[in-house]
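Architecture at a glance
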Amino acid sequence: MLDFATPSLVPSAEKPALYCNSLTGYSRRKTITVPIGNVPLGSDYPIRVQSMTTIDTMNTLGSVEQSIKMIEAGCEYIRITAPSVKEAQNLENIRKELRARGYTTPLVADIHFTPNAAELAARIVEKVRINPGNYADRKRFEVIEYTDASYAAELERIRAKFLPLIRICKEYGTAMRIGTNHGSLSDRILSRYGDTPLGMVESALEFLRICDDENYHSIVLSMKSSNPQVMVEAYRLLVQRLDAEGLKPYPLHLGVTEAGEAEDGRIKSAVGIGTLLEDGLGDTVRVSLTEDPELEAPVAQALIDRYAKRAGHSQIPEIRQYPINPYQYTRRKTREVANFGGVNVPRVIADYSEIPVTHHEQLRPIGHFYLPVPDKWRMNDLGADYLYTGSQPASFMLPNGLKEILDYSVWLSATDQVHKFPLLDTSTYLNSRQKPGGLHPLLNFVVTQLGDFSDELASALSEDQHVVLVVRTENTHAMAELRRLYVELINREIFCPVVTLRSFPDSQGDSLQLYAATDIGGLLVDGLGDGAWLATDQLPDLSSEERLATANRYNSTAFGILQAARTRMSKTEYISCPSCGRTLFDLQETTATIRKRTDHLKGIKIGIMGCIVNGPGEMADADYGYVGIGKDKISLYRGQQVIKKSVTAEHAVDELIELIKEDGRWNEPESE
Ligand code: SF4
């Protein structure tokens, strides 16, 4: 059994996990209902979609038109930033105009720092969002030693500042979100709890307890971070703490902050949001992409839609002993087999089983490049580690960095049995173990499902030093069933590495990325998985070009999932804010420019933030930051430290690259 750092959080045998109804049967967490205008939230109401405008709040017509686009794209709540009293006041004009045009969608005012703006907005719109990290609190980035008495005095000061808003919300029937952001915790919280999920939870609870004392319960809670692992742990811990303190089960607003754009943004959002939805947590979703805000709602809806018919899935055996600490990441302990498991990064298996591999160029999209002169292979950061060719072995010798996996029957008659590895089903594996030469001496892949798991298999896997298990499922509650299998392995102390295999015959494009990221990423955030395999065997009829394109997309999706779950950094990570009325430059264009110049750098995290007010906090774990501080003025950061102030926008990207060069982390892009 793993050693839990926080004994009070250890799930008991009677109640395997404290953060959800069930780890094996899909069941949405029951919450109180929070009325928000004409769209109530929580309990049995559908999981709601929402997003935030990016236009200046003082631009009334622009805000109205953007809101309408978002509503028509599926948003059920519209959030609008109100950084000061004048924007809060203008919410009235925006609201009137929307209502005049027949749109009754509830509006949410987004507040940072300014109680005056919040108190005004709470009289106008249906909901206010406050950030407990900076409500009535200017951040001074100080580490302060608090005694219990001085900490309590600080809470009293906050209470005095916060009470007027609670009273206005009660009077006007306005809801409130207490929305913690990992990147903007107060000095008080950081000093006592550090930059941790527990600190995030405490940050919200301090404000929530004041609301509870005032008998005000129209509250929604969120725990956002740009790191999906931190975000998942914080939401789980929040639910556990609400229960432990006897507080009401408030609805949850789910989101990953600064997720970025395109495929990376979608995958990162799904790893965080999807993982929680799988366990029945979440009552409203906002996906934050650095794209036009109306593009966010369909992504959120696709994530949510997956659960509409989830209940009634095939039954999964209960977990009696849960060996995973859901509040703190620990990778499942495994032995090293070839380059799987142990301390190796999770591996990616590209699936070309439906594509005859006949020429070198076919491997280019999965990161392996053949250079006729000087007759060598090169590999980029998205180079697959293994290639499954099934029953059609590649007709040429693969590069060193790419090993081939064949179906067992084909491997048995292969001329080269040393450099190719067999894939066996469970019963063939058990039968072949005793036969001389029946298995590869170093590495064998054995596919299994929870239903195939037996004592005989368990004992074979315990002894065998040369096996990598490949787990798959047909259950619609896939992540939970696969997790159940991992739990079985941990409880039986079986240390073979495991590859998670998923196939999505009915989903392509965005939904494939989202669902694969949820299922594989949801396991990775709990330390489960030594490899990712997106199978192509159940795809509908496709032309050979389409099949190749699909297999290649799968490869980049698999790498994206490993990166989003923070288990294998293979590319530059962009932590870009979704932009809002405070944004000081064109975020989409700037992100595209920075990406174009830097996306060959491996494992560097670059924050691109629209404003100085929240930007530095929101990009908490970025290595470098590009932050708007005024019109045409950018500050550049190394970590949380400003290095170059007030650089003109024209020179800022060059200066950013100079900064990376100074740190010795730059290399020139290679031409292919
Ligand atoms: S960092 Fe600033 S500009 Fe970007 S979304 Fe947050 S508040 Fe808006």
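What you see is a predicted model; the values in this text were computed from it and never measured. (Residues numbered from 1 in each chain as written. Predicted model: local features only at pLDDT ≥ 70, side-chain atom pairs only at ≥ 80, totals over all residues. Heavy atoms only, no water.)

1. Observations concerning the overall build of the protein
The condition that has to hold: Numbering of helices and strands runs from the N terminus; a helix is a DSSP stretch of H or I covering at least four residues, while a strand is a stretch of E covering at least two. Each radius of gyration reported is based on C-alpha atoms, and the globular scaling rule is 2.2 Å times the count of residues to the power 0.38. Only protein chains enter the area calculation, which uses a 1.4 Å probe; residues under 20% of their type maximum are buried, those over 50% are exposed, and those in between are partly exposed. Surface accessibility follows the Shrake-Rupley procedure with a 1.4 Å probe radius. Residue values consider only the protein chains on display as shielding.
Of regular secondary structure, the protein possesses 18 helices and 23 strands. Compactness check: the protein gives a C-alpha radius of gyration of 26 Å against a globular reference of 26 Å for 672 residues, within 12% of the reference. Taking the principal axes of its C-alpha atoms as reference, the protein extends roughly 80 × 60 × 55 Å. Across the 672 residues in the protein, those meeting the buried criterion constitute 61%. Accessible surface, the protein as shown: approximately 25500 Å² in total, 50% of it carbon and sulfur.

2. Digging into the environment of N491
Checked against the element boundaries, N491 lands in helix 13 (residues 478–491). Sequence separation between N491 and I324 is 167 residues; the distance between their C-alpha atoms is 9.9 Å.

3. A short note on the pairing of strand 1 (residues 48–52)
The condition that has to hold: Pairing between strands requires that DSSP locate at least two bridges from one strand to the other. Here is how to tell: hold the view so the strands point away, follow the path from the first strand over the helix to the second, and if it runs clockwise the crossover is right-handed.
For strand 1, a buried count of five out of five residues is recorded, marking the element as mostly surrounded by other parts of the structure. Burial along strand 1 is two-sided: R48, Q50 and M52 facing one way and V49 and S51 facing the other are all buried. Bridge analysis of strand 1 against strand 8 (residues 284–285) gives two bridges, and the strand direction is parallel. Across the sheet, the residue bridging to R48 is T284, located in strand 8. A crossover connection joins strand 1 to the parallel strand 2 (residues 77–81) through helix 1 (residues 60–72); in handedness this β-α-β unit is right-handed.

4. Some thoughts on the packing of helix 8 (residues 262–278) against helix 9 (residues 296–305)
Going by this rule: To get an axis, a line is fitted to the C-alpha atoms, and for a helix only the part in contact is used. The angle between two axes follows their N-to-C directions and goes from 0 to 180 degrees. The sense of a crossing depends on the near helix, which, turned anticlockwise from the far helix by less than a right angle, makes the crossing left-handed and, turned clockwise, makes it right-handed. Contacts are assigned to residue pairs with any non-hydrogen atoms lying within 4.5 Å of each other. Asp, Glu, Lys and Arg are counted as charged, while Ala, Val, Leu, Ile, Met, Phe, Trp, Tyr, Cys and Pro are counted as nonpolar; the rest, among them Gly, fall into the polar class.
Here helix 8 crosses helix 9 at 35°, and the two axes come no closer than 10 Å. The two elements helix 8 and helix 9 cross, and the hand of that crossing is right-handed. Counting all contacts with helix 8, which are made through R266, A270, I273 and L277, the residues of helix 9 involved are V299, L303 and I304. The residue inventory of the contact of helix 8 with helix 9, partitioned by class, reads six nonpolar, no polar and one charged.

5. Observations concerning helix 15 (residues 544–564)
Here is the rule: One less than the residue count of a helix, multiplied by 1.5 Å, gives the span that helix is expected to have.
Between its first and last C-alpha, helix 15 extends 30 Å over 21 residues, near the 30 Å set by a 1.5 Å rise per residue. In terms of burial, helix 15 is a largely internal element, 15 of the 21 residues being buried. After helix 15 finishes, the residue R566 shows a positive phi value of roughly 60°.

6. Examining the site of the ligand
Selection rule: When we say a residue is near a molecule or strand, we mean one of its heavy atoms is within 4 Å of it.
Contacts to the ligand come from C577, S579, C580, R582, T583, G610, C611, N614 and G615. Among the residues making up the shell around the ligand, the classes are represented as three nonpolar, five polar and one charged.

7. Some remarks on the sheet that holds strand 19 (residues 573–576)
One open sheet accounts for five strands, arranged 19-20-21-22-23; its pairing is mixed. Strands at the two margins of the open sheet, each flanked by one partner only, are strand 19 and strand 23 (641–648). Across this sheet, the average inter-strand angle for adjacent strands is 20°, counted without regard to direction. Across six bridges, the pairing between strand 21 (residues 624–630) and strand 22 (residues 633–638) is antiparallel. Within the sheet, the bridge partner assigned to G630 lies in strand 22 and is K633. Helix-sheet contacts for helix 16 (residues 587–598) involve strand 19, strand 20 (605–609) and strand 21, and the interaxial angle to strand 20 is about 160°.

8. Quick look at the pattern of salt bridges
Where we set the bar: Salt bridges are counted wherever a side-chain nitrogen of Lys or Arg sits within 4 Å of a carboxyl oxygen of Asp or Glu.
One pass over the structure, following the stated rule, counts 46 salt bridges. Between R101 and E97 there is a salt bridge; the shortest N-O distance is 2.8 Å. In this structure R101 comes out as partly exposed when scored by relative accessible area, which is 35%. With a relative accessible area of 26%, E97 lands in the partly exposed category. Between D530 and R332 there is a salt bridge, and its shortest N-O distance comes to 3.8 Å. Here R332 lies in the loop between helix 9 and strand 9 (347–351) and D530 lies in the loop between helix 14 (509–524) and strand 18 (531–534), a separation of 198 residues in the sequence. Each member of the pair, D530 as well as R332, carries the same accessibility label: buried.

9. Notes on the side chain of N90
With respect to the secondary-structure elements, N90 resides in helix 2 (residues 85–100). Here N90 falls in the buried class, since its relative accessible area comes to 7%. In this structure, N90 is in contact with T57, M58 and T60, ignoring residues within four places of it in sequence.

10. Quick word on the state of the cysteines
A covalent bond between the sulfur atoms of two cysteines is what we call a disulfide. Under the convention used in this document: When two cysteine sulfur atoms are found within 2.5 Å, that pair is recorded as a disulfide.
All told, the structure shown has zero disulfides when counted by the stated rule. The cysteine C75 is free of any disulfide, with C580 supplying the nearest cysteine sulfur at 15 Å. Residue C75 is classed as buried on the basis of its relative accessible area of 4%. Between C211, a free cysteine, and C169, which holds the nearest cysteine sulfur, the sulfur-to-sulfur gap is 8.2 Å.

11. Things to note about helix 6 (residues 197–213)
In this model helix 6 runs 24 Å from its N-terminal to its C-terminal C-alpha over 17 residues, within 8% of the 24 Å that 1.5 Å per residue would give. For helix 6, the tally of buried residues reaches 13 of 17 residues, placing the bulk of the element in the interior.

12. Some words on the side chain of R310
Counted only if it meets this: Throughout this description, a polar contact denotes any pair of N or O atoms lying within 3.5 Å of each other; where both atoms belong to protein, one of them has to be capable of donating a hydrogen while the other can accept it, and for residues adjacent in sequence the pair is counted only when both atoms sit in side chains.
Among the secondary structure elements, R310 is positioned in the loop between helix 9 and strand 9. Within the local environment of R310, its side chain forms a polar contact with the side chain of E278, the two groups lying 3.0 Å apart. Those residues within four positions of R310 in sequence are excluded, and the remaining contacts are Y26, E278, T476 and H477.

13. Comments concerning the packing of aromatic side chains
Formally: Stacked, tilted and edge-to-face pairs are distinguished by plane angle, under 30 degrees for stacked and over 60 for edge-to-face with tilted covering the rest, among Phe, Tyr and Trp rings (Trp via its six-membered ring) whose centres lie within 6.5 Å. The rule for a charge over a ring is simple: NZ of Lys or CZ of Arg within 6 Å of the ring centre, and within 35 degrees of the ring normal.
Across all of its chains, the model carries 14 aromatic pairs by this definition. Relative to Y307, the ring of Y26 has its centre 5.6 Å away and its plane inclined at 25°; by these criteria the two rings are stacked. Here Y26 is found in the segment before strand 1, whereas its partner Y307 is found in the loop between helix 9 and strand 9, with 281 residues between them in sequence. Each member of the pair, Y26 as well as Y307, is classed as buried. One aromatic cluster is present, built from ring pairs that chain together Y135, F162 and F207. Cation over ring: K127 sits above Y77, and NZ or CZ is 5.6 Å from the ring centre.

14. What to know about the packing of helix 13 against helix 14
Rule in force here: Throughout, the term roughly parallel applies to angles under 35 degrees, roughly antiparallel to angles over 145, roughly perpendicular to angles from 65 to 115, and oblique to all others.
Following both chains from N to C, one finds helix 13 and helix 14 inclined at 30°, their axes separated by 9 Å at the closest point. When the interaxial angle is binned, helix 13 and helix 14 end up roughly parallel. Seen from above, helix 13 lies across helix 14 with right-handed handedness. Residues A478, M479, L482, R483 and Y486 of helix 13 pack against T518, D519, G522 and L523 of helix 14. A breakdown of the residues in the contact of helix 13 with helix 14 according to their chemical character gives five nonpolar, two polar and two charged.

15. Considering the confidence of the model for the protein
Short version of the rule: Known as pLDDT, the predictor's confidence for each residue is given on a scale from 0 to 100.
For the protein, per-residue confidence averages 91 on the pLDDT scale, and 96% of positions sit at 70 or higher. Considering only residues more than four positions removed or in separate chains, one finds that residues 1–10, a stretch of pLDDT under 50, has 17 contacts.

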